[in-house]
Amino acid sequence: MTDDTTPSRDTVAVPERIDFPRLLDFYNLQSEEETRIHEFYDRLREDSLSTTRCDECDALHFPPRIVCPECTGDDLSYTSLPHEGTLFAFSVVRGSAPIGMTDDVPFVMGIVDLEGVDVRLSARIDGAAYDDLSIGDRVTLKIVDIDGPRDEDRVFYRFEPVRSVSE
Amino acid sequence: MTQTAAIVGGGHTRWGDRQATWKDLAQEAGKAAFDDVPGVTPDDVEGLFVGAVQPERFAFQSHVAPLVAELLGVDVDSMIARTELACASGQAALRYAWLAIAAGQLDVALVIGVEKMNLPDDRTEEMQSSMTNVVDREFDGVNGLNAPSYFSLIAQRHMHEYGTTREQLAAVSEKNKTHAANNSYAQFQKAVDVDDVLESYPIAPPLNLLDCSGITDGAAALLLVSERKARELTDTAAYVTGSGQSCMASNSINNLPSLSAWPQATVAAEKAYEQAGIENPVDELDVAEIHDCFSISEIIEYEDLGWVEKGEGGRFIEEGRSALDGDIAVNPRGGLLGCGHPLGATGISQALEIYRQFTGDVPDARRVPDSPETGLIHNLSGSASVHSVMTLARDPQ
């Protein structure tokens, strides 16, 4: 059996632009309303890099936590971290940048050994090209304010080479 | 273990930048698997295990296991699950199925991995974001630690600490991509040599474009059945003899045990070797499919899977010990470097390759000589924070 009547036809609209979910710019939401490690970001906003230490077993964590992975205690205190360190490894991001970073390429990223403490973190390295850097180079903390679509004042850390006095 | 399980066949889609949806790929691979094993129909399948990493991001679809059940007409009456373990999701699905069969819960499982990764060209950064969120996005992804940049740090450290050379890295790509040139489903079916690798675009130094696997759409499926069922169906199967995994309470940069060493791979391998009764892997393994997401990865795996002293991985490739006719034929399929890496499908494809090498059903140009009888698959995932190893044998132990 066939049906040769023409079906009815209509147009439905979808939005011209669909906004991405709010977390896709990779800088996490940092306020007390959003995260229980907001103190890390609060201190960073005041120019201090910090992390949590366990009041019960004295373990130093990075990234900061709300529960100690060594003893499962939750009495943790924030403690300042050194602002200087050395480059443990580095490379450059060229083609494969995610949302929010494509305008920055090429950019240098790497791993920094913080001085005098057992913390090794990944970070963007500003103020230097890949060819200018070597493993072991001294780097120092830099704070960046995030200029984004949200009202919240977000902030993050990067590092940059320590310039010798002779330069 | 009450009983083991065996791979009795399977199939692939073509891998690459496919004009096909996630659902299309699942159907293609499922059909290929059932076509390959005439003795098993969808009605026989009791358990369904689907490896898929990011259908929510790449295809905006979740709860994919029942989607596959419907598409392939599989009436599950025992166990259905989707596994997500980043790049090891396929092996994770296979491991779940093996454990379910070993526990006596079911006799016939369909294990399928599906990933649709390529988005339209103007969505490249969206696709890249779905790779960057595999690491701790808040403290590592945010710094641009995507796959190539992260593994470039690993390569730099391995070269720095052990003197591994750029040429040794390139030799891995040459070997695997040359194998892929004879693999009809591979994404990159073009042989390259060391010079081609060294002259390719420096995507994240010291890694060049040809040191990297691809962004790949693809699926693979296999049928895993109980030992009893396998004996009914076929004379040649790939029996699971051992399986191990390790994650050392670490995922982000500060907490990983090392960049240039993967002790998790050693733990996972030793567990699998012990179960399989393997005392000397180099002597006892004939063929291996290991996770060459980047050329450096394969070199570190030679070391940390216990095949050569730490730091000697570069010499293992240089001396031809991982060639088709070497001590262990490594990545005859073409590896991730040659086949591409549709995340959830890779581990299943690797296991299927071991099965095919056992049956001899592979082109001469990439067939492991002397009728291989033992094999291994390995996957790392994310920041290499997890390693998964499975051993297989042609004959039941």
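Since we're looking at a predicted model, the values are computed, not measured. (Residues numbered from 1 in each chain as written. Chains lettered and ligands numbered in written order. Predicted model: local features only at pLDDT ≥ 70, side-chain atom pairs only at ≥ 80, totals over all residues.)

Trainee: Looking at this structure, how should I read the nonpolar core?
Mentor: Nonpolar side chains in soluble globular proteins tend to be buried together. With 156 residues, the main nonpolar core has B:Ala97, B:Ala109, B:Val111, B:Ile112, B:Leu224 and B:Ile348 as its most contacted residues. Broken down by element, this core gets its largest block of residues, eight residues, from helix H4 (residues 89-102) of chain B. (Core = buried A, V, L, I, M, F, W, Y, C linked by C-beta atoms within 7 Å. Buried ≥ 20, exposed ≤ 12 C-beta atoms within 10 Å, placed from the backbone. Helix = DSSP H or I, 4+ residues; strand = E, 2+ residues; numbered from the N terminus.)

Trainee: Help me understand the pairing of strand E9 (residues 374-381) of chain B in this model?
Mentor: Regular strands show a simple pattern: their side chains alternate between the two faces of the sheet. All names here are of chain B. Most of E9 sits inside the fold, with eight of its eight residues counted as buried. The two faces of E9 match: Thr 374, Leu 376, His 378 and Leu 380 on one face and Gly 375, Ile 377, Asn 379 and Ser 381 on the other face are all buried. Where strand E7 (residues 287-289) meets E9, three bridges bridge the pair, whose relative direction is parallel. The residue of E9 that forms the bridge with Val 287 is Gly 375. (Pairing = 2+ DSSP bridges.)

Trainee: Looking at this structure, how should I read the domain arrangement of chain A?
Mentor: You'll often see interface size given as the accessible area lost when the parts meet. All names here are of chain A. Here chain A is partitioned into domain 1 (29-81) and domain 2 (82-167). Each side of the interface is counted separately: domain 1 has twelve residues, and domain 2 has 14 residues. Across the side of domain 1 that touches domain 2, the residue classes tally to seven nonpolar, three polar and two charged. (Domains from an automatic or database assignment. Contact = placed C-beta atoms within 7 Å. Nonpolar A, V, L, I, M, F, W, Y, C, P; charged D, E, K, R; others polar.)

Trainee: Looking at this model, I keep getting lost on helix H15 (residues 346-359) of chain B. Mind explaining?
Mentor: The α-helix winds at 3.6 residues per turn, so residues separated by three or four positions along the chain end up facing the same way. Residue and element names in this part refer to chain B. Along its 14 residues, H15 runs 20 Å from first to last C-alpha, staying within 8% of the 20 Å computed at 1.5 Å per residue. Of all 14 residues in H15, twelve are buried; the element is thus mostly enclosed. Among the residues of H15, Thr 346, Gly 347, Ile 348, Ser 349, Gln 350, Ala 351, Leu 352, Glu 353, Ile 354, Tyr 355, Gln 357 and Phe 358 are the ones counted as buried. Directly after H15, the chain includes Gly 360, whose backbone phi takes a positive value near 85 degrees. (Expected span 1.5 Å × (residues − 1).)

Trainee: Is there a simple way to explain the pairing of strand E10 (residues 386-393) of chain B in this structure?
Mentor: All names here are of chain B. Within E10, eight of the eight residues are buried, which leaves it mostly tucked inside the rest of the structure. Side chains Val 386, Ser 388, Met 390 and Leu 392 of E10 all project onto a buried face; the interleaved residues His 387, Val 389, Thr 391 and Ala 393 project onto the opposite face, where all are buried too. Inspection of the sheet shows strand E6 (residues 238-247) paired to E10 by eight bridges, in the antiparallel sense. Note that in E10 the partner of Tyr 239 across the bridge is Ala 393. Where E9 lies against E10, eight bridges are found, and the strand directions are antiparallel. Its bridge partner being in E10, Ser 381 is matched across the sheet by Val 386. Remark: four residues form the turn of the hairpin made by E9 and E10, two consecutive strands paired antiparallel; Gly 382 in that turn has positive phi of roughly 60 degrees.

Trainee: So what exactly am I meant to see when it comes to the packing of helix H6 (residues 147-162) of chain B against helix H12 (residues 295-304) of chain B here?
Mentor: Between two packed helices, both the angle of their axes relative to each other and the distance between the axes serve to describe the pair. Residue and element names in this part refer to chain B. Viewed as axis vectors pointing N to C, H6 and H12 meet at an angle of 50 degrees, and their least axial separation amounts to 9 Å. In terms of orientation, H6 lies oblique with respect to H12. In terms of crossing hand, the pair formed by H6 and H12 is left-handed. Counting all contacts with H6, which are made through Phe 151, Ile 154, Ala 155 and His 158, the residues of H12 involved are Ile 296, Ser 297, Ile 299 and Ile 300. (Axes fitted to C-alpha atoms, helices over the stretch in contact; angles between N-to-C directions. Parallel < 35°, antiparallel > 145°, perpendicular 65-115°, else oblique. Left-handed = near helix turned anticlockwise from the far one by under 90°.)

Trainee: Teacher, can you tell me more about the confidence of the model for chain B here?
Mentor: Detailed reading of the predicted coordinates is not advisable wherever pLDDT falls low. Of the residues in chain B, 99% have a pLDDT of 70 or more, and the chain-wide mean is 96. Scored as a whole, the predicted complex attains pTM 0.96, and scored at its interfaces, ipTM 0.94. (pLDDT = per-residue confidence, 0-100.)

Trainee: Where do I start with the interface of chain B and chain A in this structure?
Mentor: Chain B puts 30 residues into the contact, and the matching count from chain A is 32 residues. Only helix H5 (124-132) and H6 of chain B provide two or more residues apiece to the side of chain B that touches chain A. The element contributing the most residues to the side of chain B that touches chain A is H6(B), with seven residues. Within the side of chain B that touches chain A, the residues separate by chemical class into eleven nonpolar, 13 polar and six charged.

Trainee: Help me understand the domain arrangement of chain B, please; the structure alone is not making it clear to me.
Mentor: Residues and elements named next belong to chain B. What the domain assignment lists for chain B is domain 1 (5-120 + 216-233) and domain 2 (142-212 + 242-393). Facing 34 residues of domain 1, the contacting portion of domain 2 comprises 28 residues. Going through the elements one at a time, strand E1 (5-12), H4, strand E4 (108-115) and strand E5 (218-226) are the ones with two or more residues in the side of domain 1 that touches domain 2. A per-class count over the side of domain 1 that touches domain 2 returns 20 nonpolar, ten polar and four charged.

Trainee: Can you help me understand the sheet that holds E4(B) in this one?
Mentor: Note on sheets: strands pair through backbone hydrogen bonds, and any given pair is parallel or antiparallel. Residues and elements named next belong to chain B. Read from one edge to the other, the open sheet built from ten strands follows the order E3-E2-E4-E5-E1-E6-E10-E9-E7-E8, with strand pairing classed as mixed. Lying at the two open borders of the sheet, with one neighbouring strand each, are strand E3 (79-83) and strand E8 (329-330). Bridge count for strand E2 (residues 47-51) against E3 is five bridges, and the pairing is parallel. Within E3, the position partnered with Gly 47 by the bridge is Met 79. Its contacts with the sheet put H4 on E1, E2, E3, E4, E5, E6, E9 and E10, and the angle it makes with E2 is roughly 160 degrees. Across the sheet, H15 lies against E1, E2, E4, E5, E6, E7, E9 and E10, angled at about 170 degrees from E9, the strand it touches most.

Trainee: Whenever I open this one, unusual backbone geometry confuses me. Can you help?
Mentor: For residues that are not glycine, phi is negative in most cases, and the peptide bond is trans in most cases. Geometrically, the link from A:Phe62 to A:Pro63 is a cis peptide bond, its omega value of -5 degrees lying close to zero. Within the secondary structure, A:Pro63 sits in the loop between strand E1 (50-54) and strand E2 (76-80). In the segment running from A:Val105 into A:Pro106, the intervening peptide bond is cis, with an omega of -5 degrees. Residue B:Ala86 is not a glycine yet carries a positive backbone phi of 45 degrees. Looking at the secondary structure, you find B:Ala86 in the loop between E3 and H4. By C-beta crowding, B:Ala86 is classed as buried, having 21 other C-beta atoms within 10 Å.

Trainee: Any chance you could explain helix H10 (residues 263-276) of chain B here in plain terms?
Mentor: Residues and elements named next belong to chain B. With 14 residues, H10 extends 20 Å between its outermost C-alpha atoms, agreeing within 8% with the 20 Å of an ideal straight helix rising 1.5 Å per residue. Of the residues making up H10, those classed as buried are Gln 264, Ala 265, Ala 268, Ala 269, Ala 272, Tyr 273 and Ala 276. Along the long axis of H10, the arc covered by the buried residues comes to 160 degrees, so they all point the same way. Looking at the packing, one finds that the buried side of H10 touches E6, helix H11 (281-284), H12, E9 and E10. With its phi angle positive at about 70 degrees, Gly 277 sits one or two positions after the end of H10. (Arc of directions from axis to C-beta.)

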